[in-house]
Amino acid sequence: MADVTEPTVCEACGRSLIPQTGPGRRRRFCDATCRSAARRRRVSGSFVKQSLTSRERKAKLYGMESPPPDSMASALAKLGKALASAQDAELRLREAVDAARDAGRTWAEIGDILGTTRQAAFQRFGRPIDPRTGAPMNDSVLPQAADTAVGLLVNLVEGRWDDVRRDFDSKVAEALPDADSVAAMWAAVAGRFGRYEQRMGEPHAHQLGDYTVVDVALEFEVGTQVGRVSFNRDGKVAGLFFLPPDAT
């Protein structure tokens with residue numbers, strides 16, 4: 001029985017409902033409109049619950065509470081220390097390469113130790129001299145080229161096609177004239193190497209003739225490929241390539 005003699009209100013709009021007697025389910029809404037409105041609110045509320053941050057989702061998954069603000073600050077401090085350690089390691093690695101060269105070791109031997117080709121080792125650590133000026137070519141590397149190249153590749157893997165094209169020179173812009181052509185190019189890369197695995201190595205910038213070249217290792221489903229971004233002297237993107245590691 002659904003005898004309801006006490007005053008009740010609609011759960012959606014709050015208006016009073018007519019007292020109900022006799023068999024049947026207890027009325028909760030004025031009409032179908034209020035019933036639909038309540039259903040939409042329930043769905044919306046469920047969506048809000050699901051729209052947690054990745055940190056909250058992970059904490060919930062493992063039965064943990066979200067990290068307090070002080071632990072987040074500690075995590076950033078650890079990140080800063082890790083960056084400083086990486087920079088110090090890069091400096092010590094360069095010093096070790098210089099010492100090996102001073103001791104007469106070849107680029108092929110150095111490349112073997114580093115797990116790369118002699119050309120890649122030379123491009124990363126060498127100090128080529130421009131025969132036209134006699135000046136070290138690495139001194140001509142554009143500042144911020146590494147950061148700019150990484151930003152371009154991040155835009156590419158995240159599908160921000162117009163942002164990828166932002167700094168193209170005229171020739172590259174002609175080859176990739178719109179967002180659709182950039183998307184098609186990235187689809188072709190995925191067709192050759194499989195899914196991008198969301199892992200990117202340290203960028204390495206060097207001078208190659210009149211161009212600053214930045215190589216970044218990218219992990220794909222079938223293995224590592226090198227994203228190469230080259231810049232002209234004006235800082236415009238003059239080339240965008242994906243190469244196997246032994247070709248760099």
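1. A closer look at the side chain of asparagine 232
Turning to step 1, where the next piece is worked out: Assignment of secondary structure puts asparagine 232 in the loop between strand E6 (223-231) and strand E7 (237-243).
Turning to step 2, where the next piece is worked out: Here asparagine 232 falls in the buried class, since its relative accessible area comes to 17%.
Turning to step 3, where the next piece is worked out: A polar contact of 2.9 Å, which involves the side chain of asparagine 232, links it to the backbone nitrogen of aspartate 234.
Turning to step 4, where the next piece is worked out: Looking at asparagine 232, its side chain comes within polar contact range of the main-chain nitrogen of lysine 236, at 2.9 Å.

2. Observations concerning the packing of helix H4 (residues 107-114) against helix H5 (residues 118-125)
Each pair of packed helices can be described by the angle between their axes along with the distance between the axes.
Turning to step 1, where the next piece is worked out: Between H4 and H5, whose axes approach to 8 Å, the crossing angle comes to 90°. In terms of orientation, H4 lies roughly perpendicular with respect to H5. When H4 is examined against H5, the residues Trp107, Ala108, Ile110, Gly111 and Leu114 are found in contact with a partner set consisting of Arg118, Ala121, Phe122 and Phe125.
Turning to step 2, where the next piece is worked out: For the contact of H4 with H5, the residue count by class is seven nonpolar, one polar and one charged.

3. Description of the environment of alanine 86
Turning to step 1, where the next piece is worked out: Following the sequence through the fold, alanine 86 ends up in helix H3 (residues 69-102).
Turning to step 2, where the next piece is worked out: Classification of alanine 86 as partly exposed rests on a relative accessible area of 41%.
Turning to step 3, where the next piece is worked out: Once the C-alpha coordinates of alanine 86 and glutamate 202 are considered, the two residues, 116 residues apart in sequence, prove to be 9.9 Å apart.

4. With respect to the packing of aromatic side chains
Geometry of an aromatic ring pair is reported as the spacing of the ring centres plus the angle between the planes.
Turning to step 1, where the next piece is worked out: For the structure shown, the criterion picks out six aromatic pairs.
Turning to step 2, where the next piece is worked out: Ring centres 5.7 Å apart and planes at 50° place the aromatic pair phenylalanine 193 and phenylalanine 220 in the tilted group. Here phenylalanine 220 lies in strand E5 (residues 211-220) and phenylalanine 193 lies in helix H9 (residues 179-193), a separation of 27 residues in the sequence.
Turning to step 3, where the next piece is worked out: Residue classification places phenylalanine 193 among the buried positions, given a relative accessible area of 7%.
Turning to step 4, where the next piece is worked out: Seen in terms of ring centroids, tyrosine 196 and phenylalanine 220 are 5.7 Å apart; in terms of plane orientation they differ by 65°. Their pairing is edge-to-face. Of this pair, tyrosine 196 sits in strand E3 (residues 196-200) while phenylalanine 220 is found in strand E5, placing the two residues 24 residues apart along the sequence. Considered together, tyrosine 196 and phenylalanine 220 belong to a single accessibility category, that of buried residues.

5. Points about helix H6 (residues 145-157)
Turning to step 1, where the next piece is worked out: Helix length check: H6, at 13 residues, gives a terminal C-alpha distance of 19 Å against a target of 18 Å (1.5 Å per residue), a fit within 8%.
Turning to step 2, where the next piece is worked out: Within H6, the full set of buried residues consists of Ala145, Ala146, Ala149, Leu152, Leu153, Asn155 and Leu156.
Turning to step 3, where the next piece is worked out: Elements in contact with the buried residues of H6: helix H7 (161-164), H9, E3, E5, E6 and E7.
Turning to step 4, where the next piece is worked out: In the stretch just after H6, glycine 159 is the one whose phi turns positive, near 80°.

6. Some points on the pairing of strand E4 (residues 204-208)
Turning to step 1, where the next piece is worked out: Alignment of E4 against E5, held across five bridges, turns out to be antiparallel. In the sheet register, alanine 205 faces E5, and the bridge partner there is valine 214.

7. A look at the pairing of E7
Turning to step 1, where the next piece is worked out: For E7, the buried fraction is high: five of the seven residues fall into the buried class.
Turning to step 2, where the next piece is worked out: Inspection of the sheet shows E6 paired to E7 by six bridges, in the antiparallel sense. For serine 230, the partnering residue across the bridge sits in E7 and is glycine 239.
Turning to step 3, where the next piece is worked out: Turn length for the E6-E7 hairpin, with the two strands adjacent in sequence and antiparallel, is five residues, and the turn residue glycine 235 shows positive phi of about 85°.

8. Brief notes about the nonpolar core
Turning to step 1, where the next piece is worked out: Counting 25 residues, the largest nonpolar core has Leu152, Leu153, Met185, Val229 and Phe242 as its most contacted members.
Turning to step 2, where the next piece is worked out: Those elements that provide at least two residues to this core are H6, H9, E5, E6 and E7.
Turning to step 3, where the next piece is worked out: If you tally residues by element for this core, the top one is H6, at six residues.
Turning to step 4, where the next piece is worked out: Setting aside its immediate chain neighbours within four residues, leucine 152 contacts Val164, Phe168, Val229, Val237 and Leu240.

9. Some details on the pattern of salt bridges
Turning to step 1, where the next piece is worked out: A complete count under the given rule lists 10 salt bridges for this structure.
Turning to step 2, where the next piece is worked out: Across the pair arginine 105 and glutamate 109 runs a salt bridge, and its minimum N-O distance is 2.7 Å.
Turning to step 3, where the next piece is worked out: Given the relative accessible area of 42%, arginine 105 is considered partly exposed.
Turning to step 4, where the next piece is worked out: The closest approach of N and O atoms between aspartate 215 and arginine 228, which form a salt bridge, is 2.7 Å. Of this pair, aspartate 215 sits in strand E5 while arginine 228 sits in strand E6, and the two are 13 residues apart along the sequence. Residues aspartate 215 and arginine 228 agree in their burial class; the two are buried.
Turning to step 5, where the next piece is worked out: Within the structure, one salt-bridge network assembled from shared partners comprises Glu158, Arg160, Asp163 and Arg166.

How each quantity is defined
- Residues numbered from 1 in each chain as written.
- Predicted model: local features only at pLDDT ≥ 70, side-chain atom pairs only at ≥ 80, totals over all residues.
- Heavy atoms only, no water.
- Helix = DSSP H or I, 4+ residues; strand = E, 2+ residues; numbered from the N terminus.
- Buried < 20%, exposed > 50% of the residue type's maximum accessible area, 1.4 Å probe, protein only.
- Polar contact = N/O pair within 3.5 Å; in protein donor to acceptor, adjacent residues only side chain to side chain.
- Axes fitted to C-alpha atoms, helices over the stretch in contact; angles between N-to-C directions.
- Parallel < 35°, antiparallel > 145°, perpendicular 65-115°, else oblique.
- Contact = heavy atoms within 4.5 Å.
- Nonpolar A, V, L, I, M, F, W, Y, C, P; charged D, E, K, R; others polar.
- Phe/Tyr/Trp six-rings, centres within 6.5 Å; stacked < 30°, edge-to-face > 60°.
- Expected span 1.5 Å × (residues − 1).
- Pairing = 2+ DSSP bridges.
- Core = buried A, V, L, I, M, F, W, Y, C linked by side-chain atoms within 4.5 Å.
- Salt bridge = Lys/Arg side-chain N within 4 Å of Asp/Glu carboxyl O.

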